[in-house]
Amino acid sequence: MNLQDAQDTIQAAGVFFSRSVDATGKGRAQVMDRNWVVVGQTPAAGVPIGEGEAMLSVVKIGEPGDCS
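Computed from a predicted structure; not experimentally measured. (Residues numbered from 1 in each chain as written. Predicted model: local features only at pLDDT ≥ 70, side-chain atom pairs only at ≥ 80, totals over all residues. Heavy atoms only, no water.)

Let's talk about helix 1 (residues 3-12)
The following threshold applies: To sort residues, take the accessible area from a 1.4 Å probe on protein chains only and compare it with the maximum for the residue type: under 20% means buried, over 50% means exposed, and anything in between is partly exposed. Helix and strand definitions here come from DSSP, where helices need a minimum of 4 consecutive H or I residues and strands a minimum of 2 consecutive E residues; each element is numbered from the N-terminal end. Arc definition: it is the arc formed by the directions from the helix axis to the C-beta atoms. Only heavy atoms enter the contact rule, under which two residues are in contact if any of them lie within 4.5 Å.
Taken together, the buried positions of helix 1 are Leu3, Ala6, Gln7 and Ile10. On an axial view of helix 1, the arc spanned by its buried residues comes to 100°, and they lie on one face. In this structure, the buried side of helix 1 is in contact with strand 1 (19-22), strand 2 (36-42) and strand 3 (55-60). Among the residues trailing helix 1, Gly14 stands out with phi positive, at a value near 95°.

Written out as structure tokens, the structure is:
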């Protein structure tokens, strides 16, 4: 799922602050959320979260690790 869709899903659950990180380790900012694909998350799916607890690991669409 792309980063924007993931953020929308988290917000639909009532949590409005989540974080994302470049999974390549290059430290790039996710400016256009729809251009990034979620490849990992903490905590795991189904675990209840509060504000700021969701961390989404992302890569740009088309990069190694893109599982879309």
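Considerations on the environment of Pro64
As for its placement among the helices and strands, Pro64 is situated in the segment after strand 3. Of the residues examined, Pro64 reaches a relative accessible area of 76% and is grouped as exposed. The spatial distance from the C-alpha of Pro64 to the C-alpha of Ala23 is 10 Å, given a sequence separation of 41 residues.

Digging into the nonpolar core
In plain terms, the rule: By nonpolar core we mean a set of buried residues, namely Ala, Val, Leu, Ile, Met, Phe, Trp, Tyr and Cys, connected to one another through side-chain atoms within 4.5 Å.
In terms of nonpolar packing, the biggest core is built from nine residues, these being Leu3, Ala6, Ile10, Val15, Trp36, Val38, Ala54, Leu56 and Val58. Secondary-structure elements contributing two or more residues to this core are helix 1, strand 2 and strand 3. It is helix 1 that contributes the most residues to this core, three residues altogether. Contact partners of Leu56, with chain neighbours within four places excluded, come to Leu3, Ala6, Ile10, Arg19, Ser20, Val21, Val38, Gly40 and Gln41.

Remarks on the sheet that holds strand 3
What counts, and what does not: In this scheme, strands are said to pair when DSSP sees at least two bridges between them. Between N-to-C directions, angles cover 0 to 180 degrees, with each direction set by a line fitted to C-alpha atoms, over the stretch in contact for helices.
The three strands lie next to each other as 1-3-2, forming an open sheet whose pairing is mixed. Both outer strands of the open sheet, strand 1 and strand 2, are each paired with one neighbouring strand and no more. When strand polarity is set aside, the average angle formed by the axes of neighbouring strands in this sheet is 35°. The pairing of strand 2 with strand 3 spans six bridges and is classified as antiparallel. When the bridges of strand 3 are listed, Thr42 appears paired with Met55. Here helix 1 sits on the sheet and contacts strand 1, strand 2 and strand 3; the angle it forms with strand 3, its principal contact strand, is near 160°.

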